[in-house]
Amino acid sequence: MSATKQTEQLNVVLNRQVANWTVLYTKLHHFHWYVKGTEFFTLHAKFEELYTDAADRLDAVAERLLAIGGKPVSTLKESLALATVEEAAGGESAVQMASAVVSDYAKLVGELAAGIEAAEAAGDEATADLFIGQTADLQKSIWMLNAFLGK
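All figures in this text were calculated on a predicted structure; none of them were measured in a lab.

For the chain, the helix and strand inventory stands at five helices and zero strands. Helices and strands appear in the chain in the N-to-C order α-α-α-α-α. Counting only C-alpha atoms, the chain reaches 55 × 30 × 20 Å along its principal axes. Each of the 151 residues in the chain was classed as buried or not, and the buried ones make up 42%. A total accessible area of about 8000 Å² is found for the chain, and carbon and sulfur atoms account for 56% of it.

Within the element layout of this structure, T26 appears in helix α1 (residues 3-34). On the accessibility criterion, T26 (43% relative accessible area) is partly exposed.

Bringing the side chain of T135 into the picture now. Structurally, the position occupied by T135 is in helix α5 (residues 125-148). You can call T135 buried: its relative accessible area is 13%. Among the polar contacts listed, one links the side chain of T135 to the backbone oxygen of F131, at a separation of 2.8 Å. Sequence-distant contacts of T135, that is, excluding residues within four places in its chain, are made with V109, L112 and I116.

Take the nonpolar core next. Of all hydrophobic cores here, the largest spans 41 residues; its most connected members are L28, F47, V101 and Y105. Sorting the residues of this core by element identifies α1, α2 (40-67), α4 (94-121) and α5 as the ones contributing at least two each. Element by element, the count of residues in this core is highest for α4, at 13 residues. Not counting the four nearest positions on each side in its chain, L28 is found in contact with F47, L50, Y51, A54, V101 and Y105.

Attention shifts here to the environment of R16. For R16, the position within the fold is in helix α1. The exposure class assigned to R16 is partly exposed, which follows from its relative accessible area of 29%. In the structure, R16 is positioned 95 residues away from E111 in sequence and 9.0 Å away in space, judged by C-alpha atoms. Excluding its chain neighbours within four sequence positions, the residues that come into contact with R16 are L82, T84 and E111.

What counts and what doesn't
By convention here, each chain's residues receive numbers from 1 onward along its written sequence. Given that the model is predicted, a residue must reach a pLDDT of at least 70 before its local features are reported, and side-chain atom pairs must reach 80 or more before they are shown or counted; all residues, however, enter totals for whole chains, interfaces and linings. Hydrogens are left out, water is left out, and the side-chain values use all remaining heavy atoms of the structure. Numbering of helices and strands runs from the N terminus; a helix is a DSSP stretch of H or I covering at least four residues, while a strand is a stretch of E covering at least two. Throughout, exposure labels follow a simple rule: accessible area from a 1.4 Å probe, protein chains only, divided by the maximum for the residue type, with under 20% read as buried, over 50% as exposed, and the rest as partly exposed. In short, Shrake-Rupley with a 1.4 Å probe defines the accessible areas, and a residue's cover is counted only from the protein chains shown. We call two N or O atoms a polar contact when they sit within 3.5 Å, provided that within protein one can donate a hydrogen and the other can accept it, with sequence-adjacent residues counted only if both atoms are side-chain atoms. Residues are treated as being in contact if the distance between any of their heavy atoms lies within 4.5 Å. As used here, the term nonpolar core means buried Ala, Val, Leu, Ile, Met, Phe, Trp, Tyr and Cys residues forming a set that is joined through side-chain atoms within 4.5 Å.

Following this line, the structure appears as structure tokens:
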């Protein structure tokens, strides 16, 4: 595969992550605002922590894409069309909300693995490193949320 094709492929991977973090940022806000029940205080604070983290991750990925000459998606319409993470449906229980985050994070971990391969193929170790760091952080969050869920 040519270097140009590898870079284009990496731009697609990065943009999907921009889109996913954009959707996830909104979804986590939704969960923060609408969580109810006995786990309210725990999850209300946790979802705020997670959406703050999502904003930082979104910015890091978008700025990395800009640094290598790409153009991050920057509208909700573009993000929804490109993202593999889905919006909140509404009406989820606290447990369903936490489970949805675990599922979304697991999906991102899988996509980041492919992104690491694409970055390495393009000779872009900085992007691979960004994705490796995000993978480790997401895996820790998955473990912690699963512990909360009793899994």
